[in-house]
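# Descriptive analysis of the structure
Single-letter residue listing:
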Amino acid sequence: MQIIRADHAGFCFGVRRAVELARSASRDFQKVTTLGELIHNPEILEELNSRGVRAISAISKIREGVVVVRAHGISQKKLAVLRKKKIKIVDASCPFVQKIHREVSLFAAQKIPVVILGRRGHPEMRAVVEDFPAVEVVQKISPKSLQKFAGQKIGVLAQTTENPENFAQLIAALEKLVPAKAGNHSKIIARETICGATLERQNSARLLAEKVDAVVVVGGRKSNNTKKLFELVAKIHPAFWIENETEIRPGDFTKFKKVGVTAGASTPESTIRKVEEKLLKISN
Ligand code: SF4
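Reading the values: rules and limits
Residues numbered from 1 in each chain as written. Predicted model: local features only at pLDDT ≥ 70, side-chain atom pairs only at ≥ 80, totals over all residues. Pairing = 2+ DSSP bridges. Helix = DSSP H or I, 4+ residues; strand = E, 2+ residues; numbered from the N terminus. Axes fitted to C-alpha atoms, helices over the stretch in contact; angles between N-to-C directions. Contact = placed C-beta atoms within 7 Å. Core = buried A, V, L, I, M, F, W, Y, C linked by C-beta atoms within 7 Å. Buried ≥ 20, exposed ≤ 12 C-beta atoms within 10 Å, placed from the backbone. Domains from an automatic or database assignment. Near = placed C-beta within 6 Å. Nonpolar A, V, L, I, M, F, W, Y, C, P; charged D, E, K, R; others polar. Parallel < 35°, antiparallel > 145°, perpendicular 65-115°, else oblique. Left-handed = near helix turned anticlockwise from the far one by under 90°.

### Remarks on the sheet that holds strand β12 (residues 258–263)
The parallel open sheet is built from 4 strands, whose spatial order is β1-β12-β10-β11. At either end of the open sheet lies a strand with only one pairing partner, and these are β1 (2–5) and β11 (239–242). In this sheet, neighbouring strand axes are inclined to one another by 25° on average, regardless of whether the strands run parallel or antiparallel. Sheet topology places strand β10 (residues 214–218) next to β12; 5 bridges connect them, and they run parallel. Note on β12: the bridge partner recorded for A214 is V259. With respect to the sheet, helix α8 (residues 196–211) is in contact with β1, β10 and β12, its orientation differing from that of β12 by roughly 175°. Each of β10, β11 and β12 touches helix α9 (residues 224–234); the most contacted strand, β10, lies at about 175° to it.

### Description of the sheet that holds strand β7 (residues 136–138)
Ordered in space as β7-β6-β8-β9, the 4 strands form an open sheet in which the pairing is parallel. The open sheet has two edge strands with one neighbour each: β7 and β9 (187–190). Between one strand axis and the next, the sheet turns by 25° as a mean value, whatever way the strands run. Each of β6 (114–117), β8 (153–158) and β9 is contacted by helix α7 (residues 164–177), which is oriented at about 165° to β8, the strand it contacts most.

### Some words on the nonpolar core
Residues V15, A18, A22, V68 and I116 are the most contacted members of the largest nonpolar core, which totals 47 residues. Both domain 2 (13–93) and domain 3 (96–190) contribute no fewer than three residues apiece to this core. Excluding residues within four positions of it along the chain, A22 makes contact with T34, L38, L48, V53, V68 and A92.

### Some details on the site of the ligand
Taken together, 15 residues sit near the ligand, with C12, G14, C94, T160 and C195 positioned nearest. A total of 3 residues in the shell around the ligand trace back to one element, the largest contributor, which is helix α1 (residues 13–28). When grouped by side-chain class, the residues that make up the shell around the ligand number 10 nonpolar, 5 polar and no charged.

### As for the environment of L170
Here L170 is to be found in helix α7. Given 24 C-beta atoms within a 10 Å radius, L170 is considered buried. C-alpha of L170 to C-alpha of I141: the two residues are 29 residues apart in sequence and 6.4 Å apart in space. In contact with L170, other than residues within four places in its own chain, are L117, I141 and V156.

### What to know about the pairing of strand β5 (residues 88–91)
Sheet topology places strand β4 (residues 66–69) next to β5; 4 bridges connect them, and they run parallel. Among the inter-strand pairings, V68 is bridged to a residue of β5, identified as V90.

### Overview of the packing of α8 against α9
Packing of α8 against α9 leaves a shortest axis separation of 9 Å and a crossing angle of 30°. Accordingly, the angle class assigned to the pair α8 and α9 is roughly parallel. As for the relative orientation of α8 and α9, their crossing is right-handed in sense. For the pair α8 and α9, contact is made by T198, R201, Q202, A205, R206 and A209 and by N225, K228, L229, L232 and V233, respectively. Residue composition of the contact of α8 with α9, by class: 5 nonpolar, 3 polar and 3 charged.

### Some points on the domain arrangement of the chain
The domains assigned to the chain are domain 1 (2–10 + 198–283), domain 2 (13–93) and domain 3 (96–190). For domain 2 versus domain 3, the distance between C-alpha centres works out to 29 Å. Across the contact, 11 residues belong to domain 2 and 9 residues belong to domain 3. Broken down by element, the residue count for the side of domain 2 that touches domain 3 peaks at 3 residues, all from helix α3 (residues 76–84).

### Regarding the environment of E47
Tracing the sequence through the fold places E47 in helix α2 (residues 42–50). Spatially, the C-alpha atoms of E47 and R23 are 9.4 Å apart, while their sequence positions differ by 24 residues.

And the structure:
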């Protein structure tokens, strides 16, 4: 069995930066916390925990020390609470995530309603909604929920890890679903907010899937960008989503000659390598 890795797989620059900032904070300060999990990867979270970096989900429980803001970002409301408590903040929020906040605030300043394609419960979207509760985060296109925008200008964005095809579908659907009222043109103002690392990983996963018989997608269960990679390759060939090499079931791979490996943006190189080694072992 031949094992082929996608050209772009694993850590993106935003995640690498967040992990480096957390490691360096753990060297420089006594008490380091992250508000929620720094990234969606159990192996890295364990490593940070061993360095004394604790993930705390309730802001009320943080009373002192240093807080590393994760790559998914946090709301201005929460930042203000931390500043009031005189907590030192290390901001590891990704610039691509910050761009979404900027675009939403520009639309809000012009009183233009905003629709974002994304997962409402995901930390990246929760941070946006905390500051801008009127923002509509949609996972699926629901004509009913969008009818309220009829005849209005609408700002349309996507979570950084979304699939561009789904985004194009949302824009097309909005254009149909938001008819202009008499004498008034509806207008969809779409902004590119899917991050470059997501696009690179999705494109190379697609190319990889086209030249192999099956694809292994490595990444945390809570990782949205891993989920999107899995959905994409599963449309082309049999796909297996695993968090690490221990989840590989040799029997699943007996009939394949070429197996592709790709990984979400929060999957470290060490995990990808162990997966490849295990696949090679079972093929011998
Ligand atoms: S996936 Fe994109 S938005 Fe998320 S941390 Fe990486 S570069 Fe930033």
